[in-house]
Amino acid sequence: MKELCASFVQGIREQFPSDFLTQDPDILKTFGQDWTRVYSPAPAAVAFPRTTEEVSRLLKLSSECGVSVVPSGGRTGLAGGAVAAKGEIVLSFARMTRMGPVDPLSQTVRVQAGAVTEAVHQHCAQQGLTWPVDFASKGSSHVGGNIATNAGGVKVIHYGLTRNWVLGLQVVLMNGDVLELNGALEKNNTGIDLRQLFIGSEGILGVITEATLKLARLPKDLEVYFFAVDEMSGVVRLFLEARKSSFNIMAFECLTKNCLESVVKSRSLKSPFAQPYPAYVLLEVERPETSDSAATLDAWLEKLFEENLILDGTLAQSPKEAKDLWSLREGITESLVQRGFVHKNDIALPIAALEKFVAEMYPIFEKRNPHLEVFLFGHIGDGNLHVNTLKPEKMERGSFIALCHETDEDLFRLVKKYQGSISAEHGIGLLKKAALSYTRTEKEIEIMQKIKQVLDPQGLLNPGKIF
């Protein structure tokens with residue numbers, strides 16, 4: 001096999017099925033990259049294990065032969081964390097999709113790392129339960145990738161991050177050792193929780209092969225509202241009122257005027273409103289069970305209109321209408337990609353700082369280049385903003401990327417000023433490692449590097465990521 005040492009090739013032939021490894025050019029291109037599309041994929045081969053035991057044997061062989069390995073899930077990340085650009089072996093979990101039976105007593109399920117997020121939702125729904133990790137890419141993202149990046153998503157305001165919904169992990173180290181961490185225990189106070197060490201580590205410390213997931217009851221019937229508001233200040237004020245209410249908020253999403261226009265155009269949809277507004281909010285709440293609670297919700301909404309916190313609004317009257325309203329939020333990224341090359345930033349701020357941050361953010365882009373169009377959307381309930389910049393049609397791609405990197409430095413300095421994070425839910429990967437110091441101190445980075453050295457002394461596992 002090209003670019004692979006003889007001992008590694010021999011080991012593959014002796015220890016694995018004939019369909020375990022491929023060097024098909026189309027497969028290499030597909031599995032060698034994620035959604036960032038910034039780096040050109042150049043893996044040496046792609047491996048498709050079916051079991052943890054096969055993963056263990058592959059990593060042990062790779063370690064002995066000095067072959068670098070890049071774990072690969074649904075490849076929906078936006079930081080280059082699953083990119084193989086320097087002849088690495090891609091370790092794909094596309095075949096590790098097994099889901100065990102749902103345990104209704106403990107409200108858990110054990111799944112392999114390649115299980116697709118939406119498939120897990122459907123699997124658990126039969127028992128009236130769900131794994132409450134949810135985002136636009138749920139139809140293609142893998143559980144292992146969600147855990148490795150501690151993914152957020154649209155329901156964080158209610159459920160919290162992925163790490164809150166993982167009880168146990170099975171992890172393979174680069175030398176082939178298999179760790180079983182915490183099983184299905186709710187409580188385990190016996191030293192350092194190594195499970196949490198691997199959650200959010202982006203695959204640089206070990207490879208997650210199975211997980212015991214903690215489940216929640218399926219929410220009852222949901223009300224989905226789409227509101228028009230006046231700029232980010234209106235979004236924040238509306239969120240404050242929603243937080244003060246007694247209603248069970250499941251999601252609170254926002255998007256700017258140009259985001260809605262992009263989705264409506266790309267999907268040939270109709271805007272919910274007769275006229276455009278500066279910003280929009282998608283609010284999802286559990287439907288009140290009693291008539292008194294329903295009346296209280298109606299009165300609350302009426303008050304919001306009276307106080308001009310809402311300029312216009314609509315309520316989904318059916319599951320289809322609810323899905324259509326959600327598509328206006330979840331279709332933003334896809335609509336922008338269809339229009340051209342997009343530079344993405346995924347940042348987090350303290351919620352109290354959002355309004356001031358956004359007011360200072362736009363002048364940064366104006367100063368660097370007034371022709372840059374910024375598309376802002378995100379999960380306001382957890383302070384997570386997605387700042388997307390679309391390349392002007394007549395600007396050369398290299399010049400655009402260089403300009404974006406210069407603008408990023410200004411943006412990240414502003415993030416640091418408000419004690420935010422340069423990456424809210426997509427990790428550091430390749431794309432943001434040069435900016436890690438805006439969020440992490442020198443001592444923190446040193447400690448992380450030492451942990452990496454202990455668990456992967458040769459630096460073969462997802463090399464070049466984060467540091």
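Data block above holds the structure.
Residues numbered from 1 in each chain as written. Predicted model: local features only at pLDDT ≥ 70, side-chain atom pairs only at ≥ 80, totals over all residues. Heavy atoms only, no water.

Caption draft 1: Examining the sheet that holds strand β4 (residues 89-92) more closely. Strands sit in the order β1-β2-β4-β3 across an open sheet of four strands; the sheet is mixed. Each edge of the sheet is formed by a strand with only one pairing partner; in this case those strands are β1 (21-22) and β3 (69-72). Strand direction decides the pairing type here: β3 and β4, joined by four bridges, are parallel. Within β4, the residue paired with Pro71 across the bridge is Leu91. Sheet contacts for helix α3 (residues 52-65): β2 (45-47), β3 and β4; angle to β4, the most-contacted strand, approximately 165 degrees. (Pairing = 2+ DSSP bridges. Helix = DSSP H or I, 4+ residues; strand = E, 2+ residues; numbered from the N terminus. Contact = heavy atoms within 4.5 Å. Axes fitted to C-alpha atoms, helices over the stretch in contact; angles between N-to-C directions.)

Caption draft 2: Quick look at the sheet that holds strand β16 (residues 373-379). Taken together, the seven strands give an open sheet; going across it, the order is β14-β11-β13-β12-β16-β17-β15, and neighbouring strands pair in antiparallel fashion. Whereas interior strands pair on both sides, the edge strands pair on one side only; in this sheet they are β14 (312-315) and β15 (342-348). For this sheet, the mean angle separating the axes of adjacent strands, direction not counted, is 15 degrees. As paired elements, strand β12 (residues 249-256) and β16 share three bridges and run antiparallel to each other. Considered in β16, the bridge of Leu255 is made with Phe377. Contacts from helix α12 (residues 332-339) reach β12, β15, β16 and β17 (384-390), with the element oriented near 160 degrees to β16.

Caption draft 3: Examining helix α4 (residues 117-125) more closely. Those residues of α4 lying buried are Thr117, Val120, His121 and Cys124. The arc enclosing the buried residues of α4, seen along the axis, measures out at 105 degrees, which places them on a common side. Buried residues along α4 sit against β5 (108-112), β6 (129-130), α5 (143-148) and β9 (207-214). (Buried < 20%, exposed > 50% of the residue type's maximum accessible area, 1.4 Å probe, protein only. Arc of directions from axis to C-beta.)

Caption draft 4: Broad picture of the pairing of β5. Burial analysis of β5 places four of its five residues in the buried class, the great majority of the element. When β5 meets β9, the two strands line up antiparallel, connected through five bridges. In the sheet register, Val109 faces β9, and the bridge partner there is Leu213.

Caption draft 5: View of the pattern of salt bridges. Summed over all chains, the structure comprises 29 salt bridges. With a shortest N-O distance of 2.5 Å, Asp193 and Arg195 are connected by a salt bridge. Of the charged contacts, one joins Arg368 and Glu406 as a salt bridge, the two residues approaching to 3.5 Å between their closest N and O atoms. With Arg368 in helix α13 (residues 354-368) and Glu406 in helix α14 (residues 397-417), this residue pair connects regions lying 38 residues apart in the sequence. Residues joined in a network through salt bridges with shared partners are Arg98, Arg110, Glu180 and Glu210. (Salt bridge = Lys/Arg side-chain N within 4 Å of Asp/Glu carboxyl O.)

Caption draft 6: Highlighting the pairing of β15. For β15, a buried count of seven out of seven residues is recorded, marking the element as mostly surrounded by other parts of the structure. Of the two faces of β15, the one holding Val342, Lys344, Asp346 and Ala348 and the one holding His343, Asn345 and Ile347 are both buried throughout. As judged from the seven bridges shared by β15 and β17, these two strands associate in the antiparallel manner. Note that in β17 the partner of Ile347 across the bridge is Leu385.

Caption draft 7: Quick look at the packing of aromatic side chains. The final tally for this structure, using the stated rule, is 13 aromatic pairs. Geometrically, the ring pair formed by Phe226 and Tyr280 is stacked, given 5.7 Å between the ring centres and 20 degrees between the ring planes. Taken together, the residues Phe226 in strand β11 (residues 222-229) and Tyr280 in strand β13 (residues 279-286) connect sequence positions 54 residues apart. Under the relative-accessibility criterion, Phe226 is labelled buried at 0%. Consider the rings of Phe357 and Tyr418, whose centres lie 6.3 Å apart with planes at 80 degrees: the pair is edge-to-face. Of the two residues, Phe357 sits in helix α13 while Tyr418 sits in the loop between α14 and α15 (442-455), which places them 61 residues apart along the sequence. (Phe/Tyr/Trp six-rings, centres within 6.5 Å; stacked < 30°, edge-to-face > 60°.)

Caption draft 8: Representation of the nonpolar core. Counting residues in hydrophobic clusters, the biggest one holds 86 residues, and the most contacted among them are Leu213, Phe252 and Phe357. If you tally residues by element for this core, the top one is α14, at seven residues. Not counting residues up to four positions away in its chain, the partners in contact with Phe357 are Ile347, Leu349, Leu385, Leu411, Leu414, Val415 and Tyr418. The next biggest cluster of nonpolar side chains, apart from the first, holds 26 residues, and it includes Ile12, Ala45, Val69 and Val172. (Core = buried A, V, L, I, M, F, W, Y, C linked by side-chain atoms within 4.5 Å.)

Caption draft 9: Geometry of the state of the cysteines. Counted according to the given criterion, the structure contains zero disulfides. Cysteine Cys254 remains unbridged, with the sulfur of Cys259 as its closest cysteine sulfur at 8.4 Å. The class of Cys254 is buried, set by a relative accessible area of 2%. (Disulfide = S-S within 2.5 Å.)

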